[in-house]
Every structure is written in structure tokens, then in C-alpha cells.
Amino acid sequence: MRRVGVVLAAGGSARFGSQKLLSDLAGRPLVWHAAETLRSAGLSVYVVVNDCRVASAAGAVDGVIYNPWWREGLSTSVKAAVVTLHDADCIVWMLGDMPCVKPETVARLASTCGKGLAVPVYRGRRGNPVASGRDVFSAALGISGDVGLRALLGLVPVSYVEVDDEGVLFDVDTPEDLQKASSCVRRSSRV
């Protein structure tokens, strides 16, 4: 099976006040941590961006997908990746502002990936990243607006994967969130 990881990193960072993915977190740009989680899980890494600075900040990747329609919402980044990676058997979808997810969580989702979606659950709460099998790709092309694959819950088969990783519930929306993230990154062996 060809399993790949996609970092969704084409947002505008409106709540943050500046391009948050370039913000320093433990000596690296925020987006680097998301990409590094996928790399550490053994996946080929692709990044969807609207800014070449973010693509560079992600570090070594296997491909960059430019999304000129990013202002129309997250769904456009999902579609751009599906069109580019249509031959993948499984895509693990990582948000660029999620630095606290453990690589072992990503590896588990990738290994669970088959039909439909594999969704992590921590203490009864759904989180990210999610993994999708190829059978989801055509449905993903039909989503619109500022939604990701959660729009497909109830429409495609879903496997809920219990994980011991509170990082699946945490993303960086504000400068205060970035401060909170520093504690999980310092504890991580990824830096």
C-alpha cells in the first residue's frame, strides 16, 4: 500500500494575527513540527500551501501542492491534494498547526487505514489527524467551504481508533496556544 501524509498548511491564520505556521516553536517553525510528525511516522510527506515561505519552513518534503483557492476554505486544500495524490492508497491528513501529535499515533492511523476514514479518539473525543482510504477520494472532491473530511462523517465508513495522545485534540489558533504548545514539543523526542 502507498501511504502518504499531507500537511494542510494553506490557511490565512486570521485568529492568530500573522502567519502562524512560520511562528517559532522550540527553534523551528510551527509547520515543521506537523511535517516532522509525518516524517517520523515513516510517511512520504506532501504539503499544501498558499505561500512558498510555508513550504520551505516545513522542511524536507516529497512534494509541494500549491492551492490558489485557499480563501474558499479548507475543502479546496483537500481537493488539491486528492487530485495530486489520486494514486495513493491512504492519506493521513495533518493540520499544519498541530505540533503535539505523536508519530506513533500517525503510524497507527496509517496502519488502520483501509476503507473509509480512520479517526483518532482520545478519552471519548474525536481529533485529528484523520486517515482516508482511496474509496473516500471521490466523496472528498464533493465537499466545499471551510470544512475538511469531517464533512464525510456519516457518509463513508468510519473506524474510530482509540489513542493515548491528547495532542490529537490540540491545535494552535492564538499566540497563547503557541505558548501552550511549547510544553508538548519540549517533551517530544522529535526536536
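Residues numbered from 1 in each chain as written. Predicted model: local features only at pLDDT ≥ 70, side-chain atom pairs only at ≥ 80, totals over all residues. Heavy atoms only, no water.

Student: Describe the overall build of the protein, listing the residues and the values that go with them.
Tutor: Across its full length, the protein carries 6 helices and 10 strands. Whereas a compact globule of 191 residues would reach a radius of gyration of roughly 16 Å, the protein reaches 15 Å, a difference of no more than 12%. Principal-axis analysis of the C-alpha atoms places the extent of the protein at approximately 40 × 35 × 25 Å. Burial analysis of the protein (191 residues in total) assigns 53% to the buried set. The long-range fraction of contacts in the protein, counting pairs at least 24 apart against all pairs at least 6 apart in sequence, stands at 69%. For the protein, the exposed area adds up to about 8700 Å²; of that, 48% sits on carbon and sulfur atoms. (Helix = DSSP H or I, 4+ residues; strand = E, 2+ residues; numbered from the N terminus. Rg over C-alpha atoms; globule rule 2.2 N^0.38 Å. Buried < 20%, exposed > 50% of the residue type's maximum accessible area, 1.4 Å probe, protein only. Contact = heavy atoms within 4.5 Å. Areas by Shrake-Rupley, 256 points an atom, 1.4 Å probe, with all protein chains shown as cover.)

Student: Explain the packing of aromatic side chains to me, using residue names and the numbers behind them.
Tutor: Tallied over the full model, the rule gives 0 aromatic pairs. Against the face of Trp32 rests Arg28, its NZ or CZ located 4.2 Å from the ring centre. (Phe/Tyr/Trp six-rings, centres within 6.5 Å; stacked < 30°, edge-to-face > 60°. Lys NZ or Arg CZ within 6 Å of the ring centre and 35° of its normal.)

Student: If you had to explain the nonpolar core to someone new, which residues and values would you point to?
Tutor: The biggest cluster of nonpolar side chains holds 40 residues, and the ones touching the most others in it are Val7, Ala9, Val31, Leu38 and Val92. Mapped by element, the contributors of at least two residues to this core are strand 1 (3-9), helix 1 (30-40), strand 4 (44-49), helix 2 (52-57), strand 6 (90-95), helix 4 (103-112), strand 7 (117-122) and helix 6 (175-187). Among the elements that take part in this core, helix 1 stands out by supplying 5 residues, more than any other. Ranked by size, the runner-up nonpolar core spans 25 residues in total, among them Ile65, Val78, Ala80 and Ala81. (Core = buried A, V, L, I, M, F, W, Y, C linked by side-chain atoms within 4.5 Å.)

Student: An account of helix 4 is needed here, citing residue identities and associated values.
Tutor: Where helix 4 is concerned, the buried positions are Pro103, Thr105, Val106, Leu109 and Ala110. Across the axial projection of helix 4, the buried residues extend over an arc of 160°, all falling on one side. Across helix 4 from its buried face, at more than 90 degrees, point the exposed residues Glu104 and Ser111. (Arc of directions from axis to C-beta.)

Student: Can you break down the side chain of Thr105 residue by residue, with the values?
Tutor: Within the fold, Thr105 resides in helix 4. Leaving out residues up to four positions away in the same chain, Thr105 has contacts with Val163, Asp165 and Val168.

Student: Lay out the pairing of strand 5 (residues 63-66) in plain terms, naming residues and giving numbers.
Tutor: The side-chain alternation of strand 5 yields one buried face, formed by Gly63 and Ile65, and one unburied face, formed by Val64 and Tyr66. In terms of handedness, the path from strand 4 via helix 2 over to strand 5 forms a crossover that is right-handed. (Right-handed = clockwise from strand over helix to strand, strands pointing away.)

Student: Lay out the state of the cysteines in plain terms, naming residues and giving numbers.
Tutor: The final tally for this structure, using the stated rule, is 2 disulfides. Sulfur-sulfur distance for the disulfide between Cys90 and Cys113 comes to 2.4 Å. Taking the torsion about the S-S bond as the criterion, the Cys90 to Cys113 disulfide, at about 115°, is right-handed. In this pair, Cys90 sits in strand 6 while Cys113 sits in the loop between helix 4 and strand 7, placing the two residues 23 residues apart along the sequence. (Disulfide = S-S within 2.5 Å.)

Student: How would you summarise helix 3 (residues 74-84) if you had to cite specific residues and measurements?
Tutor: Of all the positions in helix 3, only Ser75, Thr76, Ser77, Val78, Ala80, Ala81 and Val82 are classed as buried. Elements that come into contact with the buried residues of helix 3 comprise strand 1, strand 4, strand 5, strand 6 and helix 5 (137-140).

Student: Describe the environment of Glu166, and please don't skip the residues or the numbers.
Tutor: As for its position among the elements, Glu166 is in the loop between strand 10 (158-162) and helix 6. A relative accessible area of 53% means that Glu166 is categorised as exposed. As for Glu166 and Ser132, which are separated by 34 residues in sequence, their C-alpha atoms are 21 Å apart.

Student: Give me unusual backbone geometry: which residues, what numbers.
Tutor: Looking along the chain, the bond that leaves Asn128 and enters Pro129 is cis, with omega of 5°. Checked against the element boundaries, Pro129 lands in the loop between strand 8 (125-126) and strand 9 (130-133). The residue Arg123 is not glycine, and still its phi comes out positive at about 50°. Positionally, Arg123 belongs in the loop between strand 7 and strand 8.

The values are spatial; any link to function lies outside them.
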